[in-house]
Amino acid sequence: MAKFGFKPYRRQMEESLGDKLNQQLENELKEAENMDDLFAFADYNAEDAERIGYSNYSYWGSTLRAFFQNKMAVFFLVVMVSVLLFTFIQPYLPNQKDPLLIHTNEWGLPLNNIAPGKDGFILGTNSIGQDLWSRIWSGTRTSLFIGFTVALVEAIVGIMIGVLWGYVRKLDFFFTELYNVLDNIPQTLLLILISYVLKPGVSTIIFALCLTGWLGMARFIRNQIIIIRDRDYNLASRCLGVSTPRIIFKNLLPYLVSVITMRMALAIPSAIGNEVFVTYIGIGLPLDTPSLGNLINVGRSLMTMAPLRYQLIFPVAVLSVITISFYIIGNAFADAADPKNHVK
């Protein structure tokens, strides 16, 4: 068929495909020429090539920013700071009365159970003529001192033992057995026993609350340490010969800032509540030492008498404000201290 001028079908298809490929190649070359007009090579600068990335991230700055975005937490922070400031400056304000002084009239009779707002008594008087306003703020100072001291001791002892318990494997058995022994002793029974053995007072209450109060913190920290102790950066630090104290303070504790803060914030109202409880059952602070526990215990006996219920309502209100404020502030700050909440 070739001698009659006909090309084989296969050769015709090859030439057609070759023409299409050539046309496609020409189109691509034209597009490439147009693309050269849209782009240009960047100039090389050695200083720019050596410059590293920079971030102005600040952990505590981001934590405070996240905390102050929580309007409820900020409100209770203002309330808590106001209560704390007023609690400590109240004795130095003018026209303040002695919380232990028994006020009498011109005949020498005690001004007992005076209603709030009468005869110059802002919150009235109690059953023996003492100023309830002064006693509430004096009792708040005592209860806050107990709460802060117990929380501080629990934090220091609990964190130290919890870190060693969780990180040093050789100490795990010893601390586990110690925890099992002490945790099986009822705290209420221990408080009652110490209150009977030792002289009632602020130091006795603090000692009794601190004796086993660190157990919960230690157990919690131990569990958190076990979770993170074998992560890659801790293994790398041990392989490089970093000392155990440095790993604890540089790698482990900073990671637990949020949970430690929350536990400490909750330990303060818990200690105040325990002081109120032991005083409520009659083995707490002596009656001549104003405290929220003493005031609530006295007001409890007057709860059924409507005109005298203010002696229970006012100290309970102060205790409620302190407890709720610490709880909300502690939880909000713990959430804000979590680096996961710093990412926008």
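What counts and what doesn't
- Residues numbered from 1 in each chain as written.
- Predicted model: local features only at pLDDT ≥ 70, side-chain atom pairs only at ≥ 80, totals over all residues.
- Heavy atoms only, no water.
- Helix = DSSP H or I, 4+ residues; strand = E, 2+ residues; numbered from the N terminus.
- Contact = heavy atoms within 4.5 Å.
- Areas by Shrake-Rupley, 256 points an atom, 1.4 Å probe, with all protein chains shown as cover.
- Patch = residues over 30% accessible without salt bridge, like charges linked within 9 Å, V, L, I, M, F, W, Y side chains within 5 Å.
- Salt bridge = Lys/Arg side-chain N within 4 Å of Asp/Glu carboxyl O.
- Axes fitted to C-alpha atoms, helices over the stretch in contact; angles between N-to-C directions.
- Left-handed = near helix turned anticlockwise from the far one by under 90°.
- Nonpolar A, V, L, I, M, F, W, Y, C, P; charged D, E, K, R; others polar.
- Core = buried A, V, L, I, M, F, W, Y, C linked by side-chain atoms within 4.5 Å.
- Buried < 20%, exposed > 50% of the residue type's maximum accessible area, 1.4 Å probe, protein only.
- Phe/Tyr/Trp six-rings, centres within 6.5 Å; stacked < 30°, edge-to-face > 60°.
- Parallel < 35°, antiparallel > 145°, perpendicular 65-115°, else oblique.
- Polar contact = N/O pair within 3.5 Å; in protein donor to acceptor, adjacent residues only side chain to side chain.
- Expected span 1.5 Å × (residues − 1).

Details of the overall build of the protein chain
For step 1, the next point in the chain: Of the regular secondary structure elements, the protein chain holds 13 helices and zero strands.
For step 2, the next point in the chain: Helices and strands in the protein chain line up, N terminus first, as α-α-α-α-α-α-α-α-α-α-α-α-α.
For step 3, the next point in the chain: Taking the contacts inside the protein chain whose residues are at least 6 apart along the sequence as the reference set, 67% of them involve residues at least 24 apart.
For step 4, the next point in the chain: Carbon and sulfur atoms provide 64% of the accessible area of the protein chain, an area that totals close to 21,500 Å².

Looking at a nonpolar patch on the surface
For step 1, the next point in the chain: A grouping of Leu193, Tyr196, Val197, Leu198, Phe207 and Leu211 is seen on the molecular surface, where their side chains present a nonpolar patch of about 620 Å² in accessible area.
For step 2, the next point in the chain: Per-element accounting of the nonpolar patch gives the leading share, three residues, to helix H7 (residues 187-197).
For step 3, the next point in the chain: Looking at where Leu193 falls in the secondary structure, it is placed in helix H7.

What about the packing of helix H6 (residues 172-183) against helix H8 (residues 202-228)?
For step 1, the next point in the chain: Axis separation between H6 and H8 bottoms out at 11 Å; the angle between their running directions is 145°. For the element pair H6 and H8, the recorded crossing hand is left-handed. Of the residues in H8, those touching H6 at Asp172, Leu178, Tyr179, Leu182 and Asp183 are Trp214, Leu215, Arg219 and Arg222.
For step 2, the next point in the chain: In terms of residue class, the contact of H6 with H8 is built from five nonpolar, no polar and four charged.

A word on the nonpolar core
For step 1, the next point in the chain: One finds Phe67, Met80, Ile272 and Ile322 to be the most contacted residues of the largest nonpolar core, which totals 33 residues.
For step 2, the next point in the chain: Among the secondary structure elements, those contributing two or more residues to this core are helix H4 (71-89), helix H5 (132-167), helix H11 (257-280), helix H12 (292-301) and helix H13 (310-337).
For step 3, the next point in the chain: Looking at this core, the element that brings in the most residues is H13, giving eleven residues.
For step 4, the next point in the chain: Look past the residues within four positions of Ile272 in its chain and what remains in contact with it is Ser143, Leu144, Gly147, Leu319 and Ile322.
For step 5, the next point in the chain: Counting residues in each nonpolar core, the second largest holds 15 residues, with Val163, Tyr167, Ile221 and Val259 among its members.

Things to note about unusual backbone geometry
Note: most residues except glycine have negative phi, and most peptide bonds are trans.
For step 1, the next point in the chain: One non-glycine residue, Asn95, adopts positive backbone phi at about 65°.
For step 2, the next point in the chain: Counting through the fold element by element, Asn95 comes out in the loop between H4 and H5.
For step 3, the next point in the chain: Taking the relative accessible area as the measure of exposure, Asn95 reaches 73% and is therefore exposed.

Here we look at the packing of aromatic side chains
The geometry of an aromatic ring pair is captured by two quantities: the separation of the ring centres and the angle between the planes.
For step 1, the next point in the chain: Within the structure shown, the criterion is met by eleven aromatic pairs.
For step 2, the next point in the chain: Note on Phe148 and Phe326: the rings are 5.9 Å apart at their centroids and 75° apart in plane angle, and the pair reads as edge-to-face. A residue pair is termed long-range when its members are at least 10 positions apart, and Phe148 in helix H5 and Phe326 in helix H13 qualify at 178 residues.
For step 3, the next point in the chain: In this structure an aromatic cluster arises from ring pairing among Trp165, Phe174, Phe175 and Tyr179.

Points about the packing of H8 against H11
For step 1, the next point in the chain: Relative orientation of the contacting elements H8 and H11 amounts to 150°, with a least axis distance of 11 Å. One finds that H8 runs roughly antiparallel with respect to H11. Judged by the sense of rotation from one axis to the other, the crossing of H8 with H11 is right-handed. Only Val259, Ile260, Arg263, Met264, Ala271, Asn274, Glu275 and Val278 of H11 make contact with H8, whose side of the interface consists of Ile205, Leu209, Gly216, Met217, Phe220 and Ile221.

A word on the environment of Val163
For step 1, the next point in the chain: Here Val163 is to be found in helix H5.
For step 2, the next point in the chain: By relative accessible area, which is 4% here, Val163 ends up buried.
For step 3, the next point in the chain: Separated by 86 residues in the primary sequence, Val163 and Phe249 have C-alpha atoms spaced 9.9 Å apart.
For step 4, the next point in the chain: Sequence-distant contacts of Val163, defined by excluding residues within four places in its chain, comprise Val168, Ile221, Ile225, Ile248 and Leu253.

Some points on the pattern of salt bridges
Oppositely charged side chains can form a pair if their charged atoms are brought close together.
For step 1, the next point in the chain: Enumeration over the complete set of coordinates arrives at four salt bridges.
For step 2, the next point in the chain: Its salt-bridge partner being Arg222, residue Asp172 comes within 3.0 Å of it at the nearest N-O pair. With Asp172 in helix H6 and Arg222 in helix H8, this residue pair connects regions lying 50 residues apart in the sequence.
For step 3, the next point in the chain: By relative accessible area, Arg222 is classed as buried at 14%.
For step 4, the next point in the chain: Put simply, Arg238 and Asp230 hold a salt bridge, and the shortest N to O gap is 3.3 Å.
For step 5, the next point in the chain: Given the relative accessible area of 31%, Arg238 is considered partly exposed.

Quick notes on the side chain of Ser134
For step 1, the next point in the chain: Turning to its location among the elements, Ser134 is positioned in helix H5.
For step 2, the next point in the chain: Separated by 2.7 Å, the side chain of Ser134 and the backbone oxygen of Lys97 make a polar contact.

Some thoughts on the side chain of Thr142
For step 1, the next point in the chain: Secondary-structure assignment places Thr142 in helix H5.
For step 2, the next point in the chain: Within the structure, Thr142 has its side chain in polar contact with the backbone oxygen of Pro290 (distance 3.0 Å).

Looking at H5
For step 1, the next point in the chain: Its 36 residues give H5 an end-to-end C-alpha distance of 51 Å, which sits within 8% of 52 Å, the value for a rise of 1.5 Å per residue.
For step 2, the next point in the chain: Of all 36 residues in H5, 27 are buried; the element is thus mostly enclosed.

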